Amino acid sequence: RQQLSVALPLVGALILAGAVFVYTSAQERARLTLLFERQATALASTLQNRLDDYLDVLYAAESVYASSGGLSRQAFYTFVQHAVARHPGLQALSWDVRVPDGQREAYESAIRREGYPAFRITEQDLDGTLVPAAQRSEYIVVTYIEPPAGNGPALGFDVASAPDRIEALR
């Protein structure tokens, strides 16, 4: 009887402690889930806003091109300076030109006359080294790139030579 009078309250207290633990654990899990969902929603919204901002830059570039009927290196530079100042997350913007193979030599010569004596249309080999692009029916060539610091080697790169990029272009 004495053991029962001690054991019963202990078992009751143990059951009550277990119930409180389970309830508290469930409440904490629900609180953490709600906190995670709020943070994920805020992050997704921020990311979407940034992507929309970057798309606006591309649409603005399209408008500049459409309104002028072409785009000079200086006009591109001026446009990009404003875009990069407003969007510091942009690493670079490039202006890529479609060049048919029949115009490759003339195109490379024209860019060399603009002050880029070593200019050539390039692609990456298996090691990732830039090499002269193999002959293809056409090339999509990085003609202007800003800012040039750290991005200069991309000048002349045929973005259509990389399978992942050609898919994005399509």
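Quick caveat: nothing in here was measured; it's all calculated off a predicted structure. (Residues numbered from 1 in each chain as written. Predicted model: local features only at pLDDT ≥ 70, side-chain atom pairs only at ≥ 80, totals over all residues. Heavy atoms only, no water.)

Engineer: How would you sum up a nonpolar patch on the surface? Please name residues and give values.
Structural biologist: A cluster of nonpolar residues, Leu-55, Leu-58 and Tyr-59, forms a patch on the protein surface that exposes about 310 Å² of accessible area. Relative to the elements of secondary structure, Tyr-59 occurs in helix H1 (residues 2-68). (Patch = residues over 30% accessible without salt bridge, like charges linked within 9 Å, V, L, I, M, F, W, Y side chains within 5 Å. Areas by Shrake-Rupley, 256 points an atom, 1.4 Å probe, with all protein chains shown as cover. Salt bridge = Lys/Arg side-chain N within 4 Å of Asp/Glu carboxyl O. Helix = DSSP H or I, 4+ residues; strand = E, 2+ residues; numbered from the N terminus.)

Engineer: Summarise unusual backbone geometry; cite the residues concerned and give the values.
Structural biologist: Cis geometry marks the peptide bond from Glu-146 to Pro-147; its omega dihedral reads -10°. With respect to the helices, strands and loops of the structure, Pro-147 is situated in the loop between strand S4 (138-146) and helix H4 (163-169).

Engineer: If you had to explain the environment of Arg-1 to someone new, which residues and values would you point to?
Structural biologist: Residue position: Arg-1 is located in the segment before H1. When its relative accessible area of 88% is taken as the criterion, Arg-1 is described as exposed. (Buried < 20%, exposed > 50% of the residue type's maximum accessible area, 1.4 Å probe, protein only.)

Engineer: Just give me the short version of the packing of aromatic side chains, but keep the residues and values in it.
Structural biologist: One pair of aromatic rings is described through two measures. These are the centre distance and the angle between the planes. Under the criterion given, the structure shown has three aromatic pairs. For the ring pair Phe-76 and Tyr-144, a centre distance of 5.6 Å and an interplane angle of 40° mean the geometry is tilted. Here Tyr-144 lies in strand S4 and Phe-76 lies in helix H2 (residues 73-86), a separation of 68 residues in the sequence. Here Phe-76 falls in the buried class, since its relative accessible area comes to 3%. Residue Tyr-144 is classed as buried on the basis of its relative accessible area of 10%. On the basis of an interplanar angle of 70° and a centroid distance of 5.8 Å, the ring pair of Tyr-107 and Phe-119 is categorised as edge-to-face. With a gap of twelve residues between them, Tyr-107 in helix H3 (residues 104-113) and Phe-119 in the loop between H3 and strand S2 (122-124) connect regions that are remote in the sequence. In this pair, the class of Tyr-107 matches that of Phe-119, namely buried. Joined through ring pairs, the aromatic side chains of Phe-76, Trp-95 and Tyr-144 make up one cluster. (Phe/Tyr/Trp six-rings, centres within 6.5 Å; stacked < 30°, edge-to-face > 60°.)

Engineer: Give me the lowdown on the nonpolar core, citing residues and values where you can.
Structural biologist: Judged by nonpolar contacts, Val-57, Ala-61, Leu-71, Phe-76, Phe-79, Val-80, Ala-83, Leu-90, Leu-93, Trp-95 and Tyr-144 together constitute the single largest core of eleven residues. Looking at this core, the elements that each hand over two or more residues are H1, H2 and strand S1 (93-100). Looking at which element gives the most residues to this core, the answer is H2, with four residues. Among residues more than four places away in sequence, those in contact with Val-57 are Phe-79, Ala-83, His-87, Leu-90 and Leu-93. (Core = buried A, V, L, I, M, F, W, Y, C linked by side-chain atoms within 4.5 Å. Contact = heavy atoms within 4.5 Å.)

These values are about where atoms sit, not about what they do.
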